[in-house]
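Read off the chains here:
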Amino acid sequence: MNKNDDAFDVSIDDAFDFLSQEYAELFDGSDATAFQHPLWLDSLYRRLAPSVAAKPLVIVVRNRATGALAAVLPLLRVRRGPMRTIEFADLRVSDYLAPVCTAKTFADLLQDEDACLKLRQLVRPFDLLRIPKLLDARMPIESLLAASRRASMNTNAYATVLTSPFEQWQANALGRSYQKELAKKWRQIQKKGALTFSCCDDSTSIREAMEVMKKFRGPRFEAQGDGDLLQRPEYFDFYSDVALRGLGSFVRLYAMKMDGDVIATVLGLHQRDSLLVVMTGFDIAGYKSQSIGALMFERVARDCIERGDQVLDFTIGDEPYKMAFGAQPTPMSSVTQAGSAAGSIALFALNQAPWIKQAAKRVADFRLPPIRTSTGAR
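The model shown is predicted, which means the values in this text are computed figures rather than measured ones. (Residues numbered from 1 in each chain as written. Predicted model: local features only at pLDDT ≥ 70, side-chain atom pairs only at ≥ 80, totals over all residues. Heavy atoms only, no water.)

S.K.: Outline helix 3 (residues 103-111), supporting the account with residue identities and numerical values.
M.R.: Among the residues of helix 3, Phe106, Leu109 and Leu110 are the ones counted as buried. Each buried residue of helix 3 sits inside an arc of 100° when the element is viewed along its axis, so together they form one side. Lining the buried residues of helix 3 we find strand 1 (8-12), strand 2 (55-63), helix 4 (113-122) and helix 5 (141-144). (Buried < 20%, exposed > 50% of the residue type's maximum accessible area, 1.4 Å probe, protein only. Helix = DSSP H or I, 4+ residues; strand = E, 2+ residues; numbered from the N terminus. Arc of directions from axis to C-beta. Contact = heavy atoms within 4.5 Å.)

If you want it as structure tokens, here you go:
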């Protein structure tokens, strides 16, 4: 490895402005994902993190010669019972986590041993460091943090490649029998009344769609036993804030209506030529036999193709419907590292059988929130 020990300066800037011009330019040229977008992280740090008692830990890397922003590592300090954890800026709302820089800059940073050592010192102290939801290995964050080798999350992300015209994608992705089935569902639902589909284009329609999405999701996920984040005021506030501020650019909120009433919603983030599905809500009670979710996703795909998008990303979760839309799986991985004896014990327990995990949590009062592995259940 070619060493370059004076290329970068590394520091903590917990008041970092994610809406600044320099961060916007860094993000636009980076290999980061939509979940590191300026609006997303600004809302997460300013609104969501304080409400759940998470403290910012924003690692900033600058070019030593010019002072230009080279990379940002958006982290959080989160207290989980007696455990001090370092986590990515996620809080269960993000699907993909990545340093904000190019793969080339990341490789250069790894060659600066002094900068890497400084960065590892800045994230301490911690008992446990947890960075799940890593999409690929172009930027090996485990090497940057001197952590253990990344491990499989035993779940996948799914995305379907879009082609124009819509009918061609439909034929390639859905298959003839599924096309016929959905066509039948369309005929059924259209007999029920005046059906419309649109992308929300003002604050009133966004607020209406978000409220209806919350209403649809509550009973559904309460019945599944894992609850729904949207029922919590701080999370509803976060998603609504992002939707309103990202209107017309970063965010698309689709709504399907029957006789003027919203019956299905899809919230997505747009980045370059891709739409990433973040959250959905469907009137399952009223339209289950019409496969309302599948019909909604088919309309979203059509809209994306008409806008020139090339990818519809269903994000994390192994739900069968994704492959029915031609989506292909991408494995996800995670990085964990113990920083103390207590962290080593917790990490050992988390890697063992489920009953050992639960015993460890009870004894230590160690509460880790579930890692989001499903768009629908978010």
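S.K.: Give a description of helix 9 (residues 233-245) that names residues and reports values.
M.R.: The terminal C-alpha atoms of helix 9 lie 18 Å apart, and with 13 residues this matches the ideal 18 Å at 1.5 Å per residue to within 8%. Within the span of helix 9, buried status applies to Tyr235, Phe236, Phe238, Tyr239, Ser240, Asp241, Val242 and Ala243. (Expected span 1.5 Å × (residues − 1).)

S.K.: Quick rundown of the side chain of Glu298? Include the residues and the values.
M.R.: Position of Glu298 among the secondary structure elements: in helix 11 (residues 292-307). With no salt bridge to any partner, buried Glu298 finds its closest opposite charge in Arg299, at an N-O distance of 6.1 Å. Within the structure, the side chain of Glu298 is placed 2.6 Å from the side chain of Trp186, a separation counted as a polar contact. Setting aside its immediate chain neighbours within four residues, Glu298 contacts Phe166, Gln170, Leu174, Leu182, Trp186 and Phe325. (Lys, Arg positive; Asp, Glu negative; His and termini not counted. Salt bridge = Lys/Arg side-chain N within 4 Å of Asp/Glu carboxyl O. Polar contact = N/O pair within 3.5 Å; in protein donor to acceptor, adjacent residues only side chain to side chain.)

S.K.: Give me the lowdown on unusual backbone geometry, citing residues and values where you can.
M.R.: With an omega dihedral of 5°, the bond running from Arg124 to Pro125 counts as a cis peptide bond. Within the secondary structure layout, Pro125 lies in the loop between helix 4 and strand 5 (128-134). Note the cis peptide between Ser164 and Pro165, where omega equals 0°. Tracing the chain through its elements places Pro165 in the loop between strand 6 (151-161) and helix 6 (166-174). Located in the positive-phi region is Ala146, a residue other than glycine, with phi close to 55°. Mapped onto the elements of the fold, Ala146 is located in the loop between helix 5 and strand 6. With a relative accessible area of 42%, Ala146 lands in the partly exposed category. Here Asp259, not a glycine, exhibits a phi torsion of approximately 55°, which is positive. As for its placement among the helices and strands, Asp259 is situated in the loop between strand 8 (251-258) and strand 9 (261-271).

S.K.: Tell me about the packing of aromatic side chains, and please be specific about residues and values.
M.R.: Evaluated as defined, the whole model comprises 19 aromatic pairs. When the ring of Phe166 is compared with that of Trp169, the centres are 5.8 Å apart and the planes differ by 35°; the resulting orientation is tilted. Of the two residues, Phe166 and Trp169 both sit in helix 6, three residues apart, roughly one turn of that helix. The pair Phe166 / Trp169 is uniform in exposure class, with both members buried. Centre to centre, the rings of Phe297 and Phe314 are 5.2 Å apart; their planes meet at 85°, and the pair counts as edge-to-face. In this pair, Phe297 is assigned in helix 11 and Phe314 in strand 11 (residues 311-316), connecting sequence segments 17 residues apart. Put simply, the rings of Tyr178, Phe282, Phe297, Phe314, Tyr321 and Phe325 pair up and form one aromatic cluster. Over the ring of Trp186 we find Arg299; its NZ or CZ atom is 4.3 Å from the centre of that ring. (Phe/Tyr/Trp six-rings, centres within 6.5 Å; stacked < 30°, edge-to-face > 60°. Lys NZ or Arg CZ within 6 Å of the ring centre and 35° of its normal.)

S.K.: Explain the pairing of strand 12 (residues 328-338) to me, and be specific about the residues and the numbers.
M.R.: Looking down a regular strand, the side chains alternate between one sheet face and the other. Here strand 5 pairs with strand 12 via five bridges, running antiparallel. Across the sheet, residue Leu129 finds its bridge partner in strand 12, namely Gln337. When strand 6 meets strand 12, the two strands line up antiparallel, connected through six bridges. Residue pairing in the sheet places Tyr158 in a bridge with Pro329 of strand 12. (Pairing = 2+ DSSP bridges.)

S.K.: Can you lay out the nonpolar core for me, pointing to particular residues and giving the numbers?
M.R.: Counting residues in hydrophobic clusters, the biggest one holds 56 residues, and the most contacted among them are Tyr23, Trp40, Val72, Tyr239 and Leu267. Broken down by element, the residue count for this core peaks at seven residues, all from helix 2 (residues 38-51). Setting aside residues up to four positions removed in sequence, Leu267 forms contacts with Met213, Tyr239, Ala243, Val251, Arg252, Leu253, Leu276, Val277, Val278 and Met279. (Core = buried A, V, L, I, M, F, W, Y, C linked by side-chain atoms within 4.5 Å.)

S.K.: Talk me through the packing of helix 6 against helix 11; I want residue IDs and the actual numbers.
M.R.: One way to put it is that helix 6 packs onto helix 11 with a least axis distance of 10 Å and a crossing angle of 135°. Compared by their axis directions, helix 6 and helix 11 come out oblique. Remark: the crossing between helix 6 and helix 11 carries right-handed chirality. Mapping the contact onto sequence places Phe166, Glu167, Trp169, Gln170 and Leu174 in helix 6 and Glu298, Ala301, Arg302 and Ile305 in helix 11. Partitioning the contact of helix 6 with helix 11 into residue classes produces five nonpolar, one polar and three charged. (Axes fitted to C-alpha atoms, helices over the stretch in contact; angles between N-to-C directions. Parallel < 35°, antiparallel > 145°, perpendicular 65-115°, else oblique. Left-handed = near helix turned anticlockwise from the far one by under 90°. Nonpolar A, V, L, I, M, F, W, Y, C, P; charged D, E, K, R; others polar.)

S.K.: I'd like a description of the sheet that holds strand 3 (residues 69-80), backed by residues and values.
M.R.: Here we have 12 strands laid out as an open sheet, ordered 1-2-3-4-5-12-6-11-10-9-8-7, and mixed in their pairing. The open sheet has two free edges, formed respectively by strand 1 and strand 7 (195-199), since each of these has just one partner strand. Across the sheet, the axes of successive neighbouring strands diverge by a mean angle of 25°, strand direction being ignored. In this structure, strand 9 lies alongside strand 10 (residues 274-282), joined through eight bridges in antiparallel fashion. Of the residues in strand 10, the one forming a bridge with Ala264 is Phe282. Each of strand 2, strand 3 and strand 9 is contacted by helix 1 (residues 21-28), which is oriented at about 100° to strand 3, the strand it contacts most.

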